[in-house]
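As a plain string of letters, each chain reads:
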Amino acid sequence: GGTFRMGATKSMDSDATYRESPLHDVTLSDYYIGKTEVTQSLWHAVMGTYPSHFRGDNLPVESVSWDDCQEFIRKLNAKTGKDFRLPTEAEWEYAARGGNRSRGYKYSGSDNIDAVAWYDGNSNSTTHPVAGKQSNELGIYDMSGNVWEWCGDRYDRSVSTVGSYRGWWLSCLVRHIA
């Protein structure tokens, strides 16, 4: 956890959308977040299905709804006895930016998008195995590119800047530090 400036930074310039403004301070409690997106192998171990369009055990799960993710988390918690959940948008953004180790990169882990992300310019219109690109400062992979992620809260520009900022963004699961 920590405090950071959430929203569009000057380095993001034309890549940012109006939804990423205004830049504002957010303070988060400590939490854990997965190093990669949820893989199809993990999804299958928990759910017994392969819902993704692109297939491969080490590929990220895609083509799942927010409700599908909630069922996955419920079953994962039952199997492990832990308390996983989706990150809030603020937790996701803080982790993507490198948390308290951030170097202020434009993308998660680099100013060079090709070093850290699979995107429409290099992906060949398919997903790629998790952790195939460079990680960010926290050792987290694929926070820029490969798949869209679901977050546990909803976008709401009017929400408080302490603890959570709401967003629409599955694949990284978090667990609060006890």
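Residues numbered from 1 in each chain as written. Predicted model: local features only at pLDDT ≥ 70, side-chain atom pairs only at ≥ 80, totals over all residues. Heavy atoms only, no water.

K.L.:
Help me understand the overall build of the protein chain in this model?
P.N.:
Tallying secondary structure elements over the protein chain gives four helices and four strands in all. Along the chain direction, N to C, the helices and strands of the protein chain fall in the order β-β-β-α-α-α-α-β. Counting across all 178 residues of the protein chain, residues that qualify as buried make up 43%. With an accessible surface of roughly 9400 Å², the protein chain has 49% of that area assigned to carbon and sulfur atoms. (Helix = DSSP H or I, 4+ residues; strand = E, 2+ residues; numbered from the N terminus. Buried < 20%, exposed > 50% of the residue type's maximum accessible area, 1.4 Å probe, protein only. Areas by Shrake-Rupley, 256 points an atom, 1.4 Å probe, with all protein chains shown as cover.)

K.L.:
Got a minute to help me understand the packing of helix α1 (residues 40–47) against helix α2 (residues 66–80) in this structure?
P.N.:
Pairs of packed helices are described in terms of their axes, by the angle between the two and the distance that separates them. Interhelical geometry of α1 versus α2 gives an angle of 70° and a closest axis separation of 9 Å. On the basis of their axis angle, the class for α1 and α2 is roughly perpendicular. Here L42, W43, A45, V46 and M47 of α1 lie close against α2, whose contacting residues are D68, C69, E71, F72, K75, L76 and K79. Its residues assigned to classes, the contact of α1 with α2 shows eight nonpolar, no polar and four charged. (Axes fitted to C-alpha atoms, helices over the stretch in contact; angles between N-to-C directions. Parallel < 35°, antiparallel > 145°, perpendicular 65-115°, else oblique. Contact = heavy atoms within 4.5 Å. Nonpolar A, V, L, I, M, F, W, Y, C, P; charged D, E, K, R; others polar.)

K.L.:
Would you mind going over the pattern of salt bridges with me for this structure?
P.N.:
Once the charged atoms of two side chains with opposite charge are near each other, the side chains can pair. Using the criterion set out here, one finds five salt bridges in the structure. A salt bridge links D25 to R5, with the nearest nitrogen and oxygen atoms 3.1 Å apart. With D25 in strand β2 (residues 24–28) and R5 in strand β1 (residues 2–6), this pair connects stretches of sequence that are 20 residues apart. Judged by relative accessible area, which is 42%, R5 ranks as partly exposed. Residues K75 and E71 are paired through a salt bridge, measuring 4.0 Å at the closest nitrogen-oxygen approach. Here K75 and its partner E71 are both found in helix α2, four residues apart, which amounts to about one turn of the helix. Three or more residues are tied together by salt bridges with common partners; here these are E71, R74 and K75. (Salt bridge = Lys/Arg side-chain N within 4 Å of Asp/Glu carboxyl O.)

K.L.:
Teacher, can you tell me more about the confidence of the model for the protein chain here?
P.N.:
Detailed reading of the predicted coordinates is not advisable wherever pLDDT is low. Averaged over all residues, the pLDDT of the protein chain is 84; the fraction at 70 or higher stands at 78%. Low pLDDT, under 50, characterises residues 158–172; the predicted model gives this stretch 69 contacts beyond four residues in sequence or across chains. (pLDDT = per-residue confidence, 0-100.)

K.L.:
Would you mind going over the environment of D153 with me for this structure?
P.N.:
Considering the arrangement of structural elements, one finds D153 in the loop between α4 (113–116) and β4 (174–176). The buried category is assigned to D153, whose relative accessible area is 8%. The sequence separation of D153 and A90 amounts to 63 residues, and the corresponding C-alpha distance is 9.4 Å. Engagement of the side chain of D153 in a polar contact is seen with the backbone nitrogen of E89, the distance being 3.0 Å. (Polar contact = N/O pair within 3.5 Å; in protein donor to acceptor, adjacent residues only side chain to side chain.)

K.L.:
Hey, could you run me through the pairing of β2 in this one?
P.N.:
Residues H24, V26 and L28 point to one face of β2 and are all buried, whereas D25 and T27, pointing to the other face, are not buried. Sheet topology note: the β1/β2 ladder contains five bridges and is antiparallel. Counted as the bridge partner of R5 is D25 from β2. (Pairing = 2+ DSSP bridges.)

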